[in-house]
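# Residue-level structure breakdown
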Amino acid sequence: MFADDVLVCPEALRRSAATLSSIARRLAYEAEGPPLEVPAEGLQSGVALAELTATVRQRLAVLSASTVDAAVLIRRAAGEYEATDERAVRRSRAVA
């Protein structure tokens with residue numbers, strides 16, 4: 001073996017992707033939450049809080065989408081590693 005061998009565990013990749021999907025769902029849930037309100041009406045802090053809430057929720061939605069994309073790519077990589085392994089096995093058997 002070479003010193004720079006890469007060991008891949010597709011099942012570990014799939015578990016990581018599942019964890020990322022779970023995180024993405026929680027982020028999306030928080031992004032859709034009810035607006036925050038300041039108890040004292042007429043204060044400027046109510047407007048500022050509404051703007052802050054909207055900004056944070058927008059960023060949570062973007063982060064959720066990026067996390068979903070990462071999970072999809074990790075799942076795809078796991079499948080591609082397995083497909084590569086299967087091709088290598090078929091080629092080895094053809095030579096034997």
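Here is a short report on the structure shown in this document. The structure displayed is predicted, hence computed values, not measured ones.

Each value, and the rule that gives it
- Residues numbered from 1 in each chain as written.
- Predicted model: local features only at pLDDT ≥ 70, side-chain atom pairs only at ≥ 80, totals over all residues.
- Heavy atoms only, no water.
- 1 Å grid on protein atoms, 1.4 Å probe; cavity = no way out; pocket = protein on both sides within 12 Å on 5 of 7 lines; lining within 4 Å.
- Points joined across faces, edges and corners; volume = space filled by probe spheres on them.
- Helix = DSSP H or I, 4+ residues; strand = E, 2+ residues; numbered from the N terminus.
- Nonpolar A, V, L, I, M, F, W, Y, C, P; charged D, E, K, R; others polar.
- Expected span 1.5 Å × (residues − 1).
- Buried < 20%, exposed > 50% of the residue type's maximum accessible area, 1.4 Å probe, protein only.
- Arc of directions from axis to C-beta.
- Contact = heavy atoms within 4.5 Å.
- Axes fitted to C-alpha atoms, helices over the stretch in contact; angles between N-to-C directions.
- Parallel < 35°, antiparallel > 145°, perpendicular 65-115°, else oblique.
- Left-handed = near helix turned anticlockwise from the far one by under 90°.
- Salt bridge = Lys/Arg side-chain N within 4 Å of Asp/Glu carboxyl O.

## Concerning the layout of surface pockets
- Approximately 180 Å³ is the volume found for the largest pocket.
- In terms of lining residues, the largest pocket is bounded by Val8, Pro10, Tyr81, Glu82, Thr84, Asp85 and Ala88.
- Among the elements that line the lining of the largest pocket, the one with the most residues is helix α2 (residues 44-95), at 5 residues.
- Of the residues in the lining of the largest pocket, the class split is 4 nonpolar, 1 polar and 2 charged.

## A look at helix α1 (residues 10-31)
- With 22 residues, α1 should reach 32 Å at 1.5 Å per residue; the first-to-last C-alpha distance of 31 Å fits that figure.
- If you check which residues of α1 are buried, you get Pro10, Ala17, Ser21, Ala24, Leu27 and Ala31. All buried residues of α1 fall inside an arc of 125° around its axis, so they share one side. Along α1, the residues that are exposed and aim more than 90 degrees away from the buried face are Arg25, Arg26 and Tyr29.
- On its buried face, α1 sits against α2.

## Re the packing of α1 against α2
- The N-to-C vectors of α1 and α2 enclose an angle of 165°; their axes lie 8 Å apart at closest approach. Accordingly, the angle class assigned to the pair α1 and α2 is roughly antiparallel. Where α1 crosses over α2, the two elements pack in a sense that is left-handed.

## Brief notes about the pattern of salt bridges
- Throughout the structure, instances matching the rule amount to 1 salt bridge.
- A salt bridge links Arg14 to Glu82; its shortest N-O distance comes to 2.7 Å. Here Glu82 lies in helix α2 and Arg14 lies in helix α1, a separation of 68 residues in the sequence.
- Overall, Glu82 belongs to the partly exposed group, its relative accessible area being 31%.

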